[in-house]
Amino acid sequence: MTELDTHLEQVGGLKSARRGLFRLGAAGALAAGFGRAVRAESGLPAQDWGSGIGAAVADVTYGMPPKDESDMQRRLVPWLTGDQTSSISFTPLQYQTGIITPSGVFFERYHNGMVQANKRDTRLMIHGLVDRPLIFTFEDILRMPSETHVHFLECAANGGMEWRGAQLNSLQYTHGMVACAEWVGVKLSTLLEQTGLKKEGKWLLAEGSDGSHLTRSIPIEKALDDCMVVYGQNGESLRHEQGYPIRLIVPGWQGNMNVKWLRRLKIGDKPWFTHEETSKYTELRADGKAYGFTWPIYAKSVITFPCPEMHVKGPGVYEVRGFAWSGLGKIKQVDVSFDGGVNYTRARLDGPVQPKCFTRFTCEWRWDGKPALLQSRAIDETGFVQPTIAELRAMRGSNGVYNNNSIQTWEVKADGSVNNVQLA
Ligand SMILES: Nc1nc2c(c(=O)[nH]1)N[C@H]1C(S)=C(S)[C@@H](COP(=O)(O)O)O[C@H]1N2
Ligand SMILES: [Mo]
């Protein structure tokens, strides 16, 4: 018996550990259909990197991805915005393997460029209808009780170019204004406990310290529910791109409300109707009027393999992969179609399934080599079903920009290439 066996026997885990091994064997047999592995009789020649000494550890380094992974970059659409300081870059979702978006490729959205704020001069003022208006330093915020949550963040303009028809033959450009990260910080309710709230305080205004002084109104129920002032992102401090040193996280609601380089929170008795929540970031209807506030991101999903950047190579068995998310809570179900939405197969949810967070889904696909139309449809725990683009257009016309959560169709051609298409 090895030391591990003895330990497992003591804690009563030996049997299940052994069962685990057998289960692995069974999964291996099932997976055989996927591979094109060759028989091992021929032997495995040594690889050239294995014959010498590897690189030494170095002092004071920050690791970078392997050279071969250099396609994993944020990209922009040059014609989309008039200049690059009020612009956006897109997350390379086609290369994202798990639910966490690496901080270096988290999409960026600036209304007036990226500013390099610092911890020393950062101040957060909370005032308005509070009992004790207060100004917090970064140190003050860091000392307070903290929490960790994994949440997606999506610009309401994600997919905004696709309202009038399929435009861009790229997953990065059709869906890359979204990303998901682990955030660490202080709940807004913890901060507001210190200032106290007057009874008439029903709304909160959040303002950024960058030149755009971006401001948004948030109902106090949401502010007290799950909003956070965060300083941690994926195990380190926020990046400048994401609002270093502090930003607001408004879980599941429009990216625009997640104010970066946070500076001021004002409590009031009514919303402020700033231009970011009236002329922008509202939902246009077919009649040209816009709905009032629509804050949450509704259930949405997209297949990340195959996609225009990730082709299939010949008939055979594939694992279709993707992400689903909802601003209303957890993802309950994802269905995948191979025939443009006529038939659907239930996908496997690759847990943990967390609220207002990317959920990874996978679905086995036996491709016969004929043209196919791949789709995924998300359903969240509130029962919200991701709509088709035709259903969305019937409700809202096709002149809008925001809140396009429609089902994406990828056309797989006989040669294995993949195109962004829309079905009437
Ligand atoms: N202060 C400030 N906050 C901001 C913005 C900004 O330009 N300035 N852009 C907003 C918009 S429109 C979006 S979609 C998100 C994007 O967050 P990210 O750049 O971390 O991806 O930040 C929001 N918060
Ligand atoms: Mo945005």
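Before reading further, recall that the structure is shown in the block above.
A brief look at the structure comes next. All values reported here derive from a predicted model rather than from experimental measurement.

### A look at the overall build of the chain
Next up, step 1: Along its length, the chain carries 7 helices and 21 strands.
Next up, step 2: In terms of overall dimensions, the chain is globule-like: its C-alpha atoms have a radius of gyration of 24 Å, near the 22 Å expected for 424 residues.
Next up, step 3: Taken over 424 residues, the chain has a buried fraction of 48%.
Next up, step 4: Considering only intrachain contacts with a sequence separation of at least 6, the fraction spanning at least 24 residues in the chain is 72%.
Next up, step 5: Just so you have it, the chain exposes about 21200 Å², and 54% of that area is on carbon and sulfur atoms.
Next up, step 6: Charged side chains of the chain number 47 positive and 45 negative; the gap between the two group centres comes to 3 Å.

### With respect to the sheet that holds strand 7 (residues 203–208)
Next up, step 1: In space, the 5 strands of this open sheet follow the order 4-3-12-7-8, with mixed pairing throughout. Of all strands in the sheet, those bounded by a partner on one side alone are strand 4 (134–137) and strand 8 (215–219). Going across the sheet, the axis of each strand differs from the next one's by a mean of 20°, ignoring polarity.
Next up, step 2: Note: strand 3 (residues 123–128) against strand 4, 4 bridges, orientation antiparallel. The residue bridging Arg123 from the neighbouring strand is Thr137, located in strand 4.
Next up, step 3: Its contacts with the sheet place helix 5 (residues 188–195) against strand 3, strand 4, strand 7 and strand 12 (262–268), and it is angled at close to 135° to strand 4.

### Quick notes on the sheet that holds strand 19 (residues 372–380)
Next up, step 1: Taken together, the 5 strands give an open sheet; going across it, the order is 16-15-19-20-21, and neighbouring strands pair in antiparallel fashion. With partners counted over all chains shown, the strands left at the sheet margins are strand 16 (345–346) and strand 21 (418–421), one partner each.
Next up, step 2: Bridge analysis of strand 19 against strand 20 (residues 409–412) gives 4 bridges, and the strand direction is antiparallel. The residue of strand 20 that forms the bridge with Ala372 is Val412.

### Quick notes on the pattern of salt bridges
Next up, step 1: Inspection of the entire model under this criterion finds 20 salt bridges.
Next up, step 2: Between Arg216 and Glu277 there is a salt bridge; the shortest N-O distance is 3.2 Å. Taken together, the positions of Arg216 in strand 8 and Glu277 in the loop between strand 12 and strand 13 (300–305) put the pair 61 residues apart, joining distant regions of the chain.
Next up, step 3: For Arg216, a relative accessible area of 1% gives the class buried.
Next up, step 4: The buried category is assigned to Glu277, whose relative accessible area is 2%.
Next up, step 5: Here Lys222 and Asp226 are joined by a salt bridge, their closest N and O atoms 3.0 Å apart.
Next up, step 6: Judged by relative accessible area, Lys222 falls into the buried class, the value being 6%.
Next up, step 7: Using a relative accessible area of 15% as the deciding quantity, one classes Asp226 as buried.

### Notes on the nonpolar core
Next up, step 1: If you look at the biggest cluster of nonpolar residues, it comprises 35 residues, and the most contacted ones within it are Trp325, Phe358, Trp365, Leu374, Trp410 and Val412.
Next up, step 2: Element by element, the count of residues in this core is highest for strand 14 (residues 316–325), at 5 residues.
Next up, step 3: Residues from two domains meet in this core; each of domain 1 (75–277) and domain 2 (300–421) gives at least three.
Next up, step 4: Residues contacting Leu374, with those up to four places away along its chain left out, are Ile303, Pro306, Val320, Ser337, Phe338, Trp365, Gln408, Thr409, Trp410 and Val412.
Next up, step 5: Counting residues in each nonpolar core, the second largest holds 31 residues, with Leu191, Leu204, Met257 and Leu265 among its members.

### Description of the pairing of strand 15 (residues 331–337)
Walk down a regular strand and you will see the side chains alternate between the two sheet faces.
Next up, step 1: Counting buried positions along strand 15 yields 6 of 7 residues, so the element is predominantly enclosed.
Next up, step 2: As defined by bridge partners, strand 15 adjoins strand 19 across 6 bridges and the pair is classed as antiparallel. Its bridge partner lying in strand 19, Ile331 is registered against Asp380.
Next up, step 3: Pairing of strand 15 with strand 16 involves 2 bridges; the strand directions are antiparallel. Within the sheet, the bridge partner assigned to Val336 lies in strand 16 and is Thr345.

### Side note on the site of ligand 1
Next up, step 1: Neighbouring residues of ligand 1: 22 residues in total, closest Phe107, His111, Asp210, Arg247 and Lys260.
Next up, step 2: In this structure, Gln242 approaches ligand 1 through a side-chain N or O atom, which is 3.0 Å from an oxygen atom.
Next up, step 3: A distance of 3.1 Å is found between a nitrogen atom of ligand 1 and a backbone nitrogen or oxygen belonging to Asn258.
Next up, step 4: Taking 530 Å² as the accessible area of ligand 1 by itself, protein coverage stands at 100%.
Next up, step 5: Here ligand 1 occupies the largest cavity.

The rules behind the values
Residues numbered from 1 in each chain as written. Chains lettered and ligands numbered in written order. Predicted model: local features only at pLDDT ≥ 70, side-chain atom pairs only at ≥ 80, totals over all residues. Heavy atoms only, no water. Helix = DSSP H or I, 4+ residues; strand = E, 2+ residues; numbered from the N terminus. Rg over C-alpha atoms; globule rule 2.2 N^0.38 Å. Buried < 20%, exposed > 50% of the residue type's maximum accessible area, 1.4 Å probe, protein only. Contact = heavy atoms within 4.5 Å. Areas by Shrake-Rupley, 256 points an atom, 1.4 Å probe, with all protein chains shown as cover. Lys, Arg positive; Asp, Glu negative; His and termini not counted. Charge placed at Lys NZ, Arg CZ, Asp CG, Glu CD. Pairing = 2+ DSSP bridges. Axes fitted to C-alpha atoms, helices over the stretch in contact; angles between N-to-C directions. Salt bridge = Lys/Arg side-chain N within 4 Å of Asp/Glu carboxyl O. Core = buried A, V, L, I, M, F, W, Y, C linked by side-chain atoms within 4.5 Å. Domains from an automatic or database assignment. Near = heavy atom within 4 Å. Polar contact = N/O pair within 3.5 Å; in protein donor to acceptor, adjacent residues only side chain to side chain. 1 Å grid on protein atoms, 1.4 Å probe; cavity = no way out; pocket = protein on both sides within 12 Å on 5 of 7 lines; lining within 4 Å. Sits in = over half its atoms within 2 Å of the grid points.

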